[in-house]
Amino acid sequence: MVLLDAILLIGIGFIGLLFWQGRRQAELARMHAKRYCEQHQLQFLDIAWEGGRLARHGRHMGWLSRYQFAFSSDRESRYEGELQMLNLRLLRIETPVYRLPD
């Protein structure tokens, strides 16, 4: 019974760690999307998690998450870009072609 309790506690701790890591990754993704919008003089609208999976990028391995963020360039149009993070590291940000304000 003691071994079962220990395994159960380790499992609960691991699930808690994954949740905490996911929240931290989401906060960093939001920060990166906002910074990107500020640097390109865009209005940041929102961000949403699209999905994730285990992945390897170069010599790094971890949880690869895709986020979709919305922005506006002229306060009338809405565009959606994609942001990818591996663990707590930003891999790339892709945006569609958008209209520049007059």
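The rules behind these values
- Residues numbered from 1 in each chain as written.
- Predicted model: local features only at pLDDT ≥ 70, side-chain atom pairs only at ≥ 80, totals over all residues.
- Heavy atoms only, no water.
- Phe/Tyr/Trp six-rings, centres within 6.5 Å; stacked < 30°, edge-to-face > 60°.
- Helix = DSSP H or I, 4+ residues; strand = E, 2+ residues; numbered from the N terminus.
- Buried < 20%, exposed > 50% of the residue type's maximum accessible area, 1.4 Å probe, protein only.
- Patch = residues over 30% accessible without salt bridge, like charges linked within 9 Å, V, L, I, M, F, W, Y side chains within 5 Å.
- Areas by Shrake-Rupley, 256 points an atom, 1.4 Å probe, with all protein chains shown as cover.
- Salt bridge = Lys/Arg side-chain N within 4 Å of Asp/Glu carboxyl O.
- Core = buried A, V, L, I, M, F, W, Y, C linked by side-chain atoms within 4.5 Å.
- Contact = heavy atoms within 4.5 Å.

Digging into the packing of aromatic side chains
Inspection of the entire model under this criterion finds 5 aromatic pairs. Ring centres of Phe71 and Tyr98 lie 5.4 Å apart, and the angle between their planes is 85°; this geometry places the pair in the edge-to-face category. With Phe71 in strand E2 (residues 60–72) and Tyr98 in the segment after strand E4 (89–94), the pair connects residues that are 27 residues apart, well separated along the chain. Phe71 gets classed as buried once you look at its relative accessible area, which sits at 0%. Seen from their ring centres, Tyr79 and Tyr98 are 6.2 Å apart, and the 55° between their planes marks the pair as tilted. A residue pair is termed long-range when its members are at least 10 positions apart, and Tyr79 in strand E3 (residues 79–86) and Tyr98 in the segment after E4 qualify at 19 residues. Since its relative accessible area comes to 16%, Tyr79 is described here as buried. An aromatic cluster is present here, built from Tyr36, Phe69, Phe71, Tyr79 and Tyr98 joined pairwise through their rings.

Quick word on a nonpolar patch on the surface
Taken together, Phe14, Leu17, Leu18 and Trp20 make up a surface patch of nonpolar side chains, about 440 Å² in accessible area. The topology assignment puts Phe14 in helix H1 (residues 2–39). On the basis of relative accessibility, which here comes to 48%, the residue Phe14 falls in the partly exposed class.

Quick look at the nonpolar core
The nonpolar side chains of a soluble globular protein tend to be buried, and buried together. If you look at the biggest cluster of nonpolar residues, it comprises 14 residues, and the most contacted ones within it are Ile47, Phe69 and Leu83. For this core, the secondary structure elements donating two or more residues are H1, strand E1 (43–57), E2 and E3. With 5 residues, H1 is the largest single contributor of residues to this core. Here Ile47 is in contact with Ala29, Arg30, Ala33, Tyr67, Gln68 and Phe69, once residues within four sequence places are set aside.

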